[in-house]
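Each chain is listed here by its residues.
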Amino acid sequence: MEETEFDDILDDWFIESLKTYKDLHLYQLEHPTQVIEWTSAKTVCVAGYSSSKNEILELRLPLKLFADENKGLCAERDFKVVHGGFTDGPVRCLRHVPGTRCAVTNDGLSSALQVWDLGGDDSDVIRRTGSVEGSGSASESGSRIAARLSTEPQVLHGAQSGDVRLSQLTSGQTVYKLESDAADPLSSLHFLTDAVFLAGCCNGNILVADTRTPAAPQLSPPPAGESVLWWTGASDGSVVRLSSSGQAVVSDLRNLRGAASRAQLDVQTPRRGLDDVRVSWAPALDDCIAVSGFSGAVQIYSTSVWTTETQEVRPLFEHRGHAVASQSDDCGGAPVFVTSHSWHPERPRTLLSAASDGSVHVWDWVDQSEAGR
């Protein structure tokens, strides 16, 4: 692309963004990340996924983002590295353990976990403090991890549906193991309550189990279709399953075998791997999901307008900033795609997203349907 042509595209997008974003901040990592994990309302962890040594960083978001008034007077407008360290291998999954300064990672190569101290006021170093043994089996993308607030720091983890376990971080002891004979690779793990969790499998199966009982999990098969891969996102009351062909199905947690609504999303459908796509519910905005990994964009959809009949739907909002900005770089012709996204835990329309060119964006989008009211 000619430089002048790119400048015109970038200028047009920048002018458009003045009306479509309440806030937009851009940052560039030395190496791209596949993980974005909130460690507080103002800080996140990211880490590289190359095959050799990688950085693991805790970034503080621009303070200007959180200024309610007089944003122009806010001195700090950029991301800031507050803690950092190095990993010996890639980081494909990372979870912060609530109530602690601890994070747990998996390298995607085995089912074992690595445990990290994120540092504190007296140290800016992130250091590895231990490990948790896995099951010995591993899917093509390693273990999934879920964590929730507990008196004893614990994490739920597993690579396949038959080896999900709950482990104590201090001792490494297994305090619960899912009773399942299946060996389906997992796409996600989610705590629904302090004790009940959901395991989403890449074949579309969903398992719901309770860590307080050895009873067999509730199994819900995938919707009918020919998709190769499925990804799962869970909220307090609903689950969304997204297929590799862009089919989305929402179910009530009380009836996972049924479809409360469904839609065909407006996504590109090149061949994607299990680790590429993300689908997540907004924690502070009703009936909204974010989808990324199919392209260089993050799409926001409102499921409130979906019906029980599959219809093609358009996104409520689309963040195209990674793809637009990347056109100025020489990427060898490889298109930039979004590697991860995450909703802010408290701010309804604020998201963080990362892309394969190392870019990290934090953005607060404007709902145009409400802007004119």
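So, here is what we can say about the structure in this document. Please read all numbers here as calculations on a predicted model, not as lab measurements.

**Quick notes on the packing of aromatic side chains**
- According to the stated counting rule, one finds seven aromatic pairs in the structure shown.
- Ring centres of Tyr 27 and Phe 79 lie 5.0 Å apart, and the angle between their planes is 35°; on these two criteria the pair is classed as tilted. Of this pair, Tyr 27 sits in strand β1 (residues 21-28) while Phe 79 sits in the loop between β4 (54-60) and β5 (80-87); the two residues are 52 residues apart in sequence, bridging distant segments of the chain.
- Overall, the relative accessible area of 18% leaves Tyr 27 in the buried class.
- On the accessibility criterion, Phe 79 (6% relative accessible area) is buried.
- Among the aromatic residues, those joined into a ring-pair cluster are Tyr 21, Phe 317, Trp 363 and Trp 365.
- Cation over ring: Lys 42 sits above Phe 66, and NZ or CZ is 5.4 Å from the ring centre.
- One Lys or Arg, Arg 349, reaches over the ring of Trp 365 and ends 5.3 Å from the middle of that ring.

**Considerations on the pattern of salt bridges**
- Enumeration according to the criterion identifies 10 salt bridges in this entry.
- Here Glu 16 makes a salt bridge to Arg 320, at a shortest N to O gap of 3.1 Å. Highlighted residues: Glu 16 in helix α1 (residues 3-20) and Arg 320 in the loop between β26 (317-319) and α2 (321-326), separated in sequence by 304 residues.
- Owing to a relative accessible area of 29%, Arg 320 belongs among the partly exposed residues under this scheme.
- Close ionic contact of Asp 252 with Arg 254 constitutes a salt bridge, the shortest N to O distance being 2.9 Å.

**Concerning the environment of Ser 187**
- Note on placement: Ser 187 falls in strand β14 (residues 186-191).
- Owing to a relative accessible area of 11%, Ser 187 belongs among the buried residues under this scheme.
- With 43 residues separating them in the primary sequence, Ser 187 and Arg 144 have C-alpha atoms 7.2 Å apart.
- Those residues in contact with Ser 187 that sit more than four places away from it in its chain are Arg 144, Gly 200, Cys 201, Cys 202, Trp 230, Trp 231, Thr 232 and Leu 274.

**Comments concerning empty space enclosed by the protein**
- For the structure shown, the criterion picks out two cavities of 30 Å³ or more.
- What the largest cavity holds in volume is close to 90 Å³.
- Counting only elements with at least two residues in the lining of the largest cavity, the list comes to β3 (43-47) and β4.
- Per element, the largest residue contribution to the lining of the largest cavity is three residues, and it comes from β4.
- Broken down by class, the residue content of the lining of the largest cavity amounts to four nonpolar, four polar and two charged.
- Estimates place the volume of the second largest cavity at around 40 Å³.
- For the lining of the second largest cavity, the class distribution of residues is four nonpolar, four polar and no charged.

**Concerning a nonpolar patch on the surface**
- Taken together, the side chains of Phe 14, Ile 15 and Leu 18 present a nonpolar region at the surface, about 340 Å² in accessible area.
- Here Ile 15 shows up in helix α1.
- The exposure class assigned to Ile 15 is exposed, which follows from its relative accessible area of 52%.

**Quick look at the pairing of strand β12 (residues 165-168)**
- Of the two faces of β12, the one holding Arg 165 and Ser 167 and the one holding Leu 166 and Gln 168 are both buried throughout.
- Adjacent in sequence and paired antiparallel, strand β11 (residues 154-158) and β12 are bridged by six residues.
- When β12 meets strand β13 (residues 174-177), the two strands line up antiparallel, connected through three bridges. Among the inter-strand pairings, Ser 167 is bridged to a residue of β13, identified as Thr 174.

**Overview of the sheet that holds strand β17 (residues 218-220)**
- Spatially, four strands are ordered β14-β15-β16-β17 in an open sheet, and the strand pairing comes out antiparallel. Two strands bound the open sheet, and with one partner strand each, they are β14 and β17. Each strand of the sheet is rotated relative to its neighbour by a mean of 15°, with strand direction disregarded.
- Summarising the sheet, strand β16 (residues 206-210) and β17 pair through three bridges and their orientation is antiparallel. By the bridge assignment for β17, Ile 206 is matched with Ser 220.

**Regarding the environment of Ala 182**
- You can see Ala 182 is positioned in the loop between β13 and β14.
- Spatially, the C-alpha atom of Ala 182 lies 9.0 Å from that of Asp 163, the residues being 19 residues apart in sequence.
- Beyond its immediate chain neighbours, meaning those up to four positions away, Ala 182 contacts Ser 161 and Gly 162.

**Comments concerning the side chain of Gln 154**
- Mapping Gln 154 onto the fold places it in strand β11.
- Assessed through its relative accessible area of 11%, Gln 154 is described here as buried.
- Within polar-contact distance, the side chain of Gln 154 engages the side chain of Arg 148 at 3.2 Å.

**Some points on the nonpolar core**
- Counting residues in hydrophobic clusters, the biggest one holds 20 residues, and the most contacted among them are Leu 242, Leu 265, Ile 289, Val 291, Tyr 301 and Trp 306.
- Of all the secondary structure elements, the ones that give two or more residues to this core are β19 (238-243), β20 (247-252), β21 (261-265), β22 (278-281) and β23 (288-292).
- If we ignore the near neighbours within four places in the chain, the residues touching Leu 242 are Leu 229, Trp 230, Trp 231, Gln 247, Ala 248, Leu 265, Val 277, Val 279, Val 291 and Phe 294.
- Counting 16 residues, the second-largest nonpolar core is a separate cluster that includes Leu 59, Leu 65, Phe 66 and Phe 79.

How each quantity is defined
- Residues numbered from 1 in each chain as written.
- Predicted model: local features only at pLDDT ≥ 70, side-chain atom pairs only at ≥ 80, totals over all residues.
- Heavy atoms only, no water.
- Phe/Tyr/Trp six-rings, centres within 6.5 Å; stacked < 30°, edge-to-face > 60°.
- Helix = DSSP H or I, 4+ residues; strand = E, 2+ residues; numbered from the N terminus.
- Buried < 20%, exposed > 50% of the residue type's maximum accessible area, 1.4 Å probe, protein only.
- Lys NZ or Arg CZ within 6 Å of the ring centre and 35° of its normal.
- Salt bridge = Lys/Arg side-chain N within 4 Å of Asp/Glu carboxyl O.
- Contact = heavy atoms within 4.5 Å.
- 1 Å grid on protein atoms, 1.4 Å probe; cavity = no way out; pocket = protein on both sides within 12 Å on 5 of 7 lines; lining within 4 Å.
- Points joined across faces, edges and corners; volume = space filled by probe spheres on them.
- Nonpolar A, V, L, I, M, F, W, Y, C, P; charged D, E, K, R; others polar.
- Patch = residues over 30% accessible without salt bridge, like charges linked within 9 Å, V, L, I, M, F, W, Y side chains within 5 Å.
- Areas by Shrake-Rupley, 256 points an atom, 1.4 Å probe, with all protein chains shown as cover.
- Pairing = 2+ DSSP bridges.
- Axes fitted to C-alpha atoms, helices over the stretch in contact; angles between N-to-C directions.
- Polar contact = N/O pair within 3.5 Å; in protein donor to acceptor, adjacent residues only side chain to side chain.
- Core = buried A, V, L, I, M, F, W, Y, C linked by side-chain atoms within 4.5 Å.

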